[in-house]
Structure formats: structure tokens, C-alpha cells
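Okay, here's what each chain looks like letter by letter:
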Amino acid sequence: REAWSRIRGQLQVKSPLFRHAIRLVVSLAVGFCIMLATHDPHGYWILLTILFVSQQQYAATLTRLMQRIMGTALGLSLGWALIQLFPIPLMQSALIVVLGAVYLGCRHTRYLLATVAVSALLLLSFHQMGMGQGVIPTRLLDTVVGSVIAGLAAWLVLPNWHLRQWPGLAARALRTQAIYLHEILAQYQAPTGKQDNLSYRLARRKAHNADAALSSAYSAMLKEPSRGGSAQKEASGRFLICSHTLLNYISAIGAHRDELVLGHVDAGLLATAETLQRQLDGLALALERPQDASSESLAKDLPPQIAGVQASDDVDAMQRFLQTQLQLALQLVPDLMEQVTQMTQTVRIRRPAVVQGSPLV
């Protein structure tokens, strides 16, 4: 049931994996039609280029196709130079083995070097079979054609723009951090104290995974066409900094949960933590439903003293530490609220065009 639920969750247009699958099918079909129309005996290089270059993200596809074109050009030049320098077939066979080892060792980590190696290997192999005539221009042209098809598909066919996905990713990051904080405080109140049980580990992993996804999406967003989203990109960058800082404060609370006298948590601390959780959930809801969000609705539940509980001298060092961490976390709420308000306003401005447009946009 769990496996089927995960598969079913990807069978919808909003899924990046589903969009990538449709985009790959369309681009391969176009490449196959070009191969048939041109009667290219090596037209399968177009399909292979599309297959290796196409990525889920527009920025990743752009980076990969540039590496593919540059690596192919350099590899063909290297292969031609090796043929001229080492005309003996036995020496060329040894070079093929070396190039094959370089390709297998670098194909997952250094794609440019792997492309250089496999292109030189291919040219040496065709030369040994007596089929080297015309391989260089054909290989280079097919690589360029396949890369252009993959790049246009990433831009036109169900593009996976992170600028539009950012509010959902930001809301997920806030919600997972609120759940993580809840699990930490539950252990502070439990008589058993620190326990790395399943619920705690899941909450911690989801919070850090959501934060990593947010950072990755922001990096990809900066490489995408602007499309009038410069203001949202700027707000997203400031939001990312606040989100990172907030997660660090919460993680610090979790790291010291075994140092408190078990079951002795001040009521003021619990109230402060509940306030923080409520604020994070409210901000997440505003990101998920920007049409209902406004600066007034976001601020109506904000406590007057947002600085939180002041540390007093009649509590132990660990309680004071908790007070300080929660106070610092609460001080980030106004900054988060400001960025959320700016992002929701930008989304509401774009909303009519998105609603009336096709899902293919």
C-alpha cells in the first residue's frame, strides 16, 4: 500500500517526476522523427543525447547540455589527436581501455570529463573498424541537435519552474520545523527523557530534508529565466536565511534535550513554544493559500511581546538556555512574516494568469 500510494502521488501533472517523464517522451519522439527524416545512420546519438541531457530541473538540463556539447567537441579533438600521434592499432586499443576506465569512473561525478573520454573512445573505436570517415561532424551535429531539443523541451513542455513551486516548499519547511519542535518538547516533558524514537527521527529528517529542498530550489531558481519574479527571488533569499537560522535554533534545543531535569519544564517555556508553533503553522497556511493571506491576518495572532520570555535568575542554566533559544526563534517570526507577505502579494498578482492558463504553462 505504501509503494502504491507513492506511485499514485506521482501520477499527477503537478509532480516534477511526472512532468519530466512527459517532457522526456515528447523530446525523444521529436528526436526520433528528425532521425527518420534525415536518414542519419548515426541518428541514435540524437536520442542518447536527449536521454542523458534531460533533467527534472531547467537549470540542471541547461548545465548538462552545455557540458555535453563542450565534452563532445573536446573529446573528438582529443580522439583525432590520438589517432595522429598513435597510428598503431595496438596502442589505440590500449588508449580505448584507458578512456573507458576514465568514463566509468567519472560518469556520475564529473560529466564533462566523462563525455570527453567517451567521445574520444568512440572515435578511436570507429577508426579501428575502418568507419572513421565523417564520424566527427556527424557526432558533433547530432549532439547539438539532441541538446537543442532537450533544452527547448525543458523550457516549453511542462516546465518545472521553481519560482512557482517555492511557496509550497517554503510552507513545507515551516510545517516540518513546527512538528520537529513539537517532538522535541514532548521529550522534554516525558519522564523517560531523551529518546531517539521513530517519530522523533522522522520529524528531524523531514525538517532537514525540507530545508535542503528549499536551498536546492533557490539555487535552481536563480538560474531560471526571470519572468518578472526578481522581487520574489529576493524575498525568497531572505526567507531561506531565516529558515536556516530557525532550524539551527530548533536543532540546538533538540541536541540538549538530555541535560534538563526530566519532566520539569516551565509553563512559560511551553507557552512560548506553542506560540512559535502556532506562528509557523499560520505562515505555512498563508503560503499555501495566498488568496486568503494579508499582512493584517498574518499579524493578528502575533503576541505583543514577540521577544518571548525573558530569562530570569531563579531558573537553572538549562531552562535559561531554552528560554534564550525560543526567544531567538521568536524574533525571526516578524522577518519571516515580512517575506511571506511579499511572496503572497506577488503570487496574488500573478494568480489570474496562472488560473486562466493551461496546466502546460
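Everything that follows concerns the structure shown earlier in this document.
Structure report, in brief. What you see is a predicted model; the values in this text were computed from it and never measured. As a convention, each chain's residues are numbered from 1 in the sequence order in which they are written. Local features in this predicted model are restricted to residues of pLDDT 70 or higher, and side-chain atom pairs are both shown and tallied only at a pLDDT of 80 or more, whereas totals for entire chains, interfaces and linings draw on every residue. Hydrogens and water molecules were not included; the side-chain quantities draw on all heavy atoms of the structure.

Quick notes on the packing of aromatic side chains
Line of reasoning, step 1. Classification of ring pairs rests on two measures: the distance between centres of Phe, Tyr or Trp rings, Trp counted by its six-membered ring, which must be within 6.5 Å, and the angle between planes, read as stacked under 30 degrees, edge-to-face over 60 and tilted in between. Taken as a whole, this structure holds six aromatic pairs when the rule is applied.
Line of reasoning, step 2. Their ring planes at 50° and their centres at 5.9 Å tell us that Y180 and Y200 sit as a pair that is tilted. One end of the pair, Y180, is in helix α8 (residues 162-189); the other, Y200, is in helix α9 (residues 198-222), with 20 residues separating them in the sequence.
Line of reasoning, step 3. When accessible area is computed with a 1.4 Å probe and restricted to protein chains, residues below 20% of their type maximum are described as buried, those above 50% as exposed, and intermediate ones as partly exposed. Under the relative-accessibility criterion, Y180 is labelled buried at 2%.
Line of reasoning, step 4. A residue is classified by how much of its surface remains accessible, and Y200, at 2% relative accessible area, is buried.
Line of reasoning, step 5. Aromatic ring contacts, followed pair by pair, group Y44, W45 and F126 into a single cluster.
Line of reasoning, step 6. Look at NZ for Lys and CZ for Arg. If either is within 6 Å of the ring centre and within 35 degrees of the ring normal, a charge sits over the ring. Positioned over the ring face of Y111 is R64, at 4.1 Å from the centre of the ring.
Line of reasoning, step 7. Over the aromatic face of W45 sits the side chain of R139, whose NZ or CZ is 5.2 Å from the ring centroid. A run of DSSP states H or I qualifies as a helix once it reaches four residues; a run of E qualifies as a strand once it reaches two. Both are numbered from the N-terminal end.

Observations regarding the packing of helix α6 (residues 111-128) against helix α7 (residues 135-156)
Line of reasoning, step 1. In this description, a line fitted to the C-alpha atoms serves as the axis of each element, helices being fitted only across the stretch in contact, and the angle between N-to-C directions of two axes falls anywhere from 0 to 180 degrees. Here α6 crosses α7 at 145°, and the two axes come no closer than 11 Å. Regarding α6 and α7, the two cross each other, and that crossing is right-handed. Facing V118, S119, L122, L123 and F126 of α6, the residues of α7 in contact are V135, I136 and R139.
Line of reasoning, step 2. Any residue that is not Ala, Val, Leu, Ile, Met, Phe, Trp, Tyr, Cys, Pro, Asp, Glu, Lys or Arg is counted as polar, Gly included; the first ten are nonpolar and the last four charged. A breakdown of the residues in the contact of α6 with α7 according to their chemical character gives six nonpolar, one polar and one charged. Note on convention: the crossing is left-handed when the near helix lies turned anticlockwise from the far helix by less than a right angle, right-handed when the turn is clockwise. We call two residues contacting when some pair of their heavy atoms lies within 4.5 Å.

All quantities given are derived from atomic positions and should not be read as evidence of function.
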